[in-house]
Amino acid sequence: INPSAPAIDIPNRIVNLYEEPAILHDARSRTPPAAIPPTIHKVIWSVVGNDQATYDHFINWIRFVVQHRRRSQTAWLFNGVQGTGKGLMAHRILRPLVGLTNSSFFDASILEDKFTDSLETSILTFIDELTISDLEDSSKIMGSLKSRITEPTVVVRKMRTSPYEAPNYNNYIGFSNSKEQVLIEQSDRRYNVGMFHFFFFLFCDNVFKDLLPKELP
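This section reports on the structure supplied with the text.

What counts and how
Residues numbered from 1 in each chain as written. Predicted model: local features only at pLDDT ≥ 70, side-chain atom pairs only at ≥ 80, totals over all residues. Heavy atoms only, no water. Salt bridge = Lys/Arg side-chain N within 4 Å of Asp/Glu carboxyl O. Helix = DSSP H or I, 4+ residues; strand = E, 2+ residues; numbered from the N terminus. Buried < 20%, exposed > 50% of the residue type's maximum accessible area, 1.4 Å probe, protein only. Axes fitted to C-alpha atoms, helices over the stretch in contact; angles between N-to-C directions. Parallel < 35°, antiparallel > 145°, perpendicular 65-115°, else oblique. Left-handed = near helix turned anticlockwise from the far one by under 90°. Contact = heavy atoms within 4.5 Å. Nonpolar A, V, L, I, M, F, W, Y, C, P; charged D, E, K, R; others polar. Pairing = 2+ DSSP bridges. Patch = residues over 30% accessible without salt bridge, like charges linked within 9 Å, V, L, I, M, F, W, Y side chains within 5 Å. Areas by Shrake-Rupley, 256 points an atom, 1.4 Å probe, with all protein chains shown as cover. 1 Å grid on protein atoms, 1.4 Å probe; cavity = no way out; pocket = protein on both sides within 12 Å on 5 of 7 lines; lining within 4 Å. Points joined across faces, edges and corners; volume = space filled by probe spheres on them.

**Focus: the pattern of salt bridges**
Side chains that differ in sign of charge can pair as their charged atoms come close. Within this structure, the stated rule accounts for three salt bridges. A salt bridge links Glu120 to Lys158, with the shortest nitrogen-to-oxygen separation between them at 3.5 Å. Of this pair, Glu120 sits in the loop between strand E4 (103–107) and strand E5 (124–128) while Lys158 is found in the loop between strand E6 (153–156) and strand E7 (164–167), placing the two residues 38 residues apart along the sequence. Taking the relative accessible area as the measure of exposure, Lys158 reaches 33% and is therefore partly exposed.

The following block contains the structure:
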């Protein structure tokens, strides 16, 4: 995968696994909105904990990921009670923006899996129910996660295939209903942490069916 390269490089016999999302391809022929549409704003505002500084920082971060399609070297952690819109933001807003084939959504147990083939093709990875203390050998997993966030290459392991290095374009967002997601050292700048949200946000059916599809580019 190379988001900046052509789909097919005939001289070098390379087929690029990156697929530009249709939503961005179509957006080139439209006038961009002057501001973030209201429903998308409400969903993200709820996830970040109704905090303006966090909201602004996250919008700048996700703008970088969508526009440049490379690793930011930082990750986001969002926690709050069920129903704050974390899954809605991931599946109905952010994954369509980067493309379903260029993004992944996993349970935190994936961090314990020895096979890492999804790392090769993802630009944005969501880790749900992320509470490191619930996983075995949490210190080793934390070290691996730090490496995945910052290093320019990752080791890809597939079944019945020898491990190999691949360029790392991935960015991570972790979700949890717990206040204790990961243990962050005071000097560690890899993580951005949202405000814990104590109140669920009531989303009507028309948010899923009508409003969000209309507001995406």
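From this point on, the discussion continues.
**Regarding the packing of helix H2 (residues 38–47) against helix H4 (residues 86–98)**
Packing of H2 against H4 brings their axes to within 8 Å, and their N-to-C directions diverge by 140°. As summarised for this structure, H2 and H4 are arranged oblique, according to the angle between their axes. The handedness of the crossing between H2 and H4 comes out as left-handed. For the pair H2 and H4, the contacting residues are Ile40, Val43, Ile44 and Val47 in the first and Lys86, Leu88, Met89 and Ile93 in the second. Among the residues forming the contact of H2 with H4, the class breakdown is seven nonpolar, no polar and one charged.

**Section: the sheet that holds E4**
Think of a sheet as strands paired side by side through backbone hydrogen bonds, with each pair either parallel or antiparallel. Here we have five strands laid out as an open sheet, ordered E4-E5-E8-E3-E9, and parallel in their pairing. The open sheet has two edge strands, E4 and strand E9 (191–193), and neither has a second partner. Taking each pair of neighbouring strands and ignoring which way they run, the sheet shows an average axis angle of 20°. Sheet topology note: the strand E3 (residues 75–79)/strand E8 (residues 171–176) ladder contains four bridges and is parallel. Paired with Phe78 across the strands is Phe175, a residue of E8. Docked against the sheet, H4 engages E3, E4, E5 and E8, running at close to 155° with respect to E4.

**Quick look at a nonpolar patch on the surface**
Nonpolar side chains collect at one region of the surface, where Ile8, Ile10 and Val15 lie side by side and expose about 350 Å² of accessible area between them. Note that Val15 resides in strand E2 (residues 14–15).

**Examining unusual backbone geometry**
Non-glycine residue Asn50 carries a positive phi angle of around 60°. Examined against the element boundaries, Asn50 turns out to sit in the loop between H2 and helix H3 (52–68). Asn50 gets classed as partly exposed once you look at its relative accessible area, which sits at 40%. A positive phi angle, near 55°, is found at Arg69, a position not held by glycine. Relative to the elements of secondary structure, Arg69 occurs in the loop between H3 and E3.

**Considering empty space enclosed by the protein**
Applying the stated criterion to the full structure yields one cavity of 30 Å³ or more. Its boundaries defined by the atoms lining it, the largest cavity holds a volume of some 30 Å³. Forming the walls of the largest cavity are Ala75, Trp76, Leu77, Ile127, Leu130, Leu145, Tyr172, Ile173, Gly174 and Tyr191. Across the lining of the largest cavity, the residue classes break down as nine nonpolar, one polar and no charged.

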